[in-house]
Amino acid sequence: RAASCADAAPDRRGMVRIKSPRELDRMRESCRIVAEVLRLVEGRVRPGVTTEELDAAAEEFIRSQGGVPAFKGYGHPSNPFPATLCTSVNEEVVHGIPGRRVLQDGEIVSVDVGVLKGGWYGDAARTFAVGKIDPEVRRLLQVTEGSLERGIAAMCRGNRVHDISAAVQQHVEAAGFSVVRDLCGHGVGKDLHEEPSVPNFGKRGTGATLVDGMTLAIEPMVNGGGWQVNVLEDGWTVVTRDGKPSAHFEHTVALVNGQPEILTQ
Ligand code: MG
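Please read these numbers as outputs of a predicted model, since none were measured by experiment. Each chain carries its own residue numbering, running from 1 in the direction its sequence is written. Local features in a predicted model are, by the rule used here, given only for residues with pLDDT of at least 70; side-chain atom pairs are given and counted only at 80 or more, and totals for whole chains, interfaces and linings are based on all residues. Side-chain numbers here rest on the full set of heavy atoms in the structure, without hydrogens or water.

1. Describing the overall build of the chain
Argument step 1. Helix and strand content of the chain: 4 helices and 16 strands.
Argument step 2. A compact globule built from 265 residues would reach a C-alpha radius of gyration of about 18 Å, and the chain, at 17 Å, matches this within 12%.
Argument step 3. Once the C-alpha set of the chain is aligned to its principal axes, its extents read approximately 45 × 45 × 35 Å.
Argument step 4. Shrake-Rupley sampling with a 1.4 Å probe provides the accessible areas, and residues are treated as covered by the protein chains on show and by no other component. Split by element, the accessible area of the chain, about 11000 Å² in all, is 49% carbon and sulfur. To qualify as a helix, a DSSP run of H or I must reach at least 4 residues; to qualify as a strand, a run of E must reach at least 2; elements of each kind are numbered from the N terminus. When we talk radius of gyration, it's over C-alpha atoms, and the globule rule is simply 2.2 Å times the number of residues to the 0.38.

2. Comments concerning the sheet that holds strand β4 (residues 92-94)
Whether parallel or antiparallel, the strands of a sheet pair through hydrogen bonds between backbone atoms.
Argument step 1. Across the sheet, which stays open at both edges, the 3 strands sit in the order β4-β13-β12 with antiparallel pairing between neighbours. This sheet does not close on itself; its edge strands, each paired only once, are β4 and β12 (229-231). Adjacent strand axes in the sheet meet at a mean angle of 40° when their direction is disregarded.
Argument step 2. Here β4 runs beside strand β13 (residues 238-240); their pairing, made up of 2 bridges, is antiparallel. By the bridge assignment, Val94 is partnered in β13 with Val238. In this scheme, strands are said to pair when DSSP sees at least two bridges between them. Here the axes come from fitting lines to C-alpha atoms, over the contacting stretch only for helices, and the angles between their N-to-C directions go from 0 to 180 degrees.

3. Side note on the pairing of strand β16 (residues 259-262)
Argument step 1. Bridging between strand β15 (residues 251-256) and β16 involves 4 bridges; their strand directions are antiparallel. Each residue of the ladder has a partner; that of Val253, found in β16, is Ile262.
Argument step 2. Counting the residues between successive antiparallel strands, the hairpin from β15 to β16 contains 2 residues, one of them, Asn257, with a positive phi of roughly 50°.

Okay, structure coming up:
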């Protein structure tokens, strides 16, 4: 799940929570469940399946593992997110609500899942092809996943947060696509969204310094056209303003012994 880039309360800003080795072990467990949910969903995505069928399978699996769906009930009490997964189809960027929509051959669906277990969160997302997709849409998925890999590779001890951001942005824009500006990656741990904010654009050598024990959800949201987005009347679903497709890949990553460890692999 993506954070609003101005999500952190003012009194929290700048407070990055560092995790102990024991706390990282607890996060590894939540993140293992997240990774397994995405593999389970991957095996079920095909033309003819509905997004609520994917959602039900994900929730059942998470609860069988002693976890809780982290997104269900998230948000303002007047409009809490109603489901386990975010399922965002085609021009939907993130935070799509599962329902009766039947996935069609040639579509793409971004699936985002969060799990809470033992007081610790994990968060990850992937965009899946439904059947056979257009080569240009295939390239959008490959570039977005590649930008996540480059962002993760920049998460080294002594680097700065915006070194991650710049690595993502550079890879995406060199391919002729654009990064969403309104939504960001984030710290993750005891809360689903912690400091620091991890934008998908930025200037190298700026932002908080990366130190061992930091845990970040790095999550490029990449549009096939322009970066501008709108939010639908449901209050959740983010869509591209130009109607072009969008992709989303996310991992929860810890900085361990100076190097990135992908917890949701
Ligand atoms: Mg997230």
